[in-house]
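# An overview of the molecular structure
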Amino acid sequence: LAVANLDDKDDQGVATIIQLCAYAYLTRGDNERAVELLSMVIEHSEDAGMLGRSVGARMVRAEALWRRGRWAESLAQLSHLRSLQRASSNPVSRSFTSVVLTRLEAGLGHEAACRDYAEETLATSVPLGIDHLTAWAHSGLGLLELGAGRFDKAADHFDEVAALAGHIGEPGFLWWH
């Protein structure tokens, strides 16, 4: 039903419903279905001239691509998204992009970029109390340290993730929850 109403400019909630369904597919491991739904939201939003509506879908799609090992594609998506976000000057929205970039750069072993994106995320998430972003940033830093063989430092970040996960009331919102 939501997909059938995707082109209805008066029903702004429909894109959010589809994005939440896509996120549910993503958490269940069906990344391809998630990417399919999110791509549909993005395409319809752009065709309707509603670029702002596609920002959330782009963030989740980049996460899905990252999880599928399609890192170059995820990085390209995130670069495009950051260009859109610069125009909006929304630091919270940029933090969502930064946190995915933190984990992506950690996986690629790009230490300086990983730490820069984590800092950018934490500069917004900690003062605003957005615990899931803070946890995701620490998980990226933990992955970076783990990949570099710095196991004690990795454990410190993962301990921080575990502590933060207890503050997030929605089960399943974090991948390890």
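So, a few notes on the structure that sits alongside this text. (Residues numbered from 1 in each chain as written. Predicted model: local features only at pLDDT ≥ 70, side-chain atom pairs only at ≥ 80, totals over all residues. Heavy atoms only, no water.)

### Some points on the overall build of the protein chain
- Of regular secondary structure, the protein chain possesses eight helices and zero strands.
- What you see in the protein chain, going N to C, is helices and strands ordered as α-α-α-α-α-α-α-α.
- Within the protein chain, buried positions represent 44% of all 177 residues.
- Counting contacts in the protein chain only where the partners sit at least 6 residues apart, residues at least 24 apart contribute 51% of the total.
- For the protein chain, the exposed surface amounts to about 8,700 Å²; the carbon and sulfur share of it is 55%. (Helix = DSSP H or I, 4+ residues; strand = E, 2+ residues; numbered from the N terminus. Buried < 20%, exposed > 50% of the residue type's maximum accessible area, 1.4 Å probe, protein only. Contact = heavy atoms within 4.5 Å. Areas by Shrake-Rupley, 256 points an atom, 1.4 Å probe, with all protein chains shown as cover.)

### Re the nonpolar core
- One finds L26, L78 and V99 to be the most contacted residues of the largest nonpolar core, which totals 29 residues.
- Mapped onto this core, the elements with two or more residues apiece are α1 (13-28), α2 (31-47), α3 (55-67), α5 (91-108) and α7 (131-147).
- Among the elements that line this core, the one with the most residues is α2, at seven residues.
- Counting residues in each nonpolar core, the second largest holds five residues, with A106, A118, L141 and L144 among its members. (Core = buried A, V, L, I, M, F, W, Y, C linked by side-chain atoms within 4.5 Å.)

### Topic: the packing of aromatic side chains
- One pass over the full model with this rule turns up zero aromatic pairs.
- Of note, R103 hangs over the ring of W66, and the distance from its end group to the ring centre comes to 4.9 Å. (Phe/Tyr/Trp six-rings, centres within 6.5 Å; stacked < 30°, edge-to-face > 60°. Lys NZ or Arg CZ within 6 Å of the ring centre and 35° of its normal.)

### Looking at a negative patch on the surface
- Together, D152, D156, D159 and E160 line one region of the surface with negative charge.
- Take D159: it is sitting in helix α8 (residues 151-165). (Patch = residues over 30% accessible without salt bridge, like charges linked within 9 Å, V, L, I, M, F, W, Y side chains within 5 Å. Salt bridge = Lys/Arg side-chain N within 4 Å of Asp/Glu carboxyl O. Lys, Arg positive; Asp, Glu negative; His and termini not counted. Charge placed at Lys NZ, Arg CZ, Asp CG, Glu CD.)

### Overview of α7
- Relative to the 24 Å expected for 17 residues at 1.5 Å per residue, α7 spans 24 Å between its end C-alpha atoms, a close match to the ideal helical length.
- For α7, a buried count of 13 out of 17 residues is recorded, marking the element as mostly surrounded by other parts of the structure.
- With its phi angle positive at about 80°, G149 sits one or two positions after the end of α7. (Expected span 1.5 Å × (residues − 1).)

What is shown is where atoms sit, not what they do.
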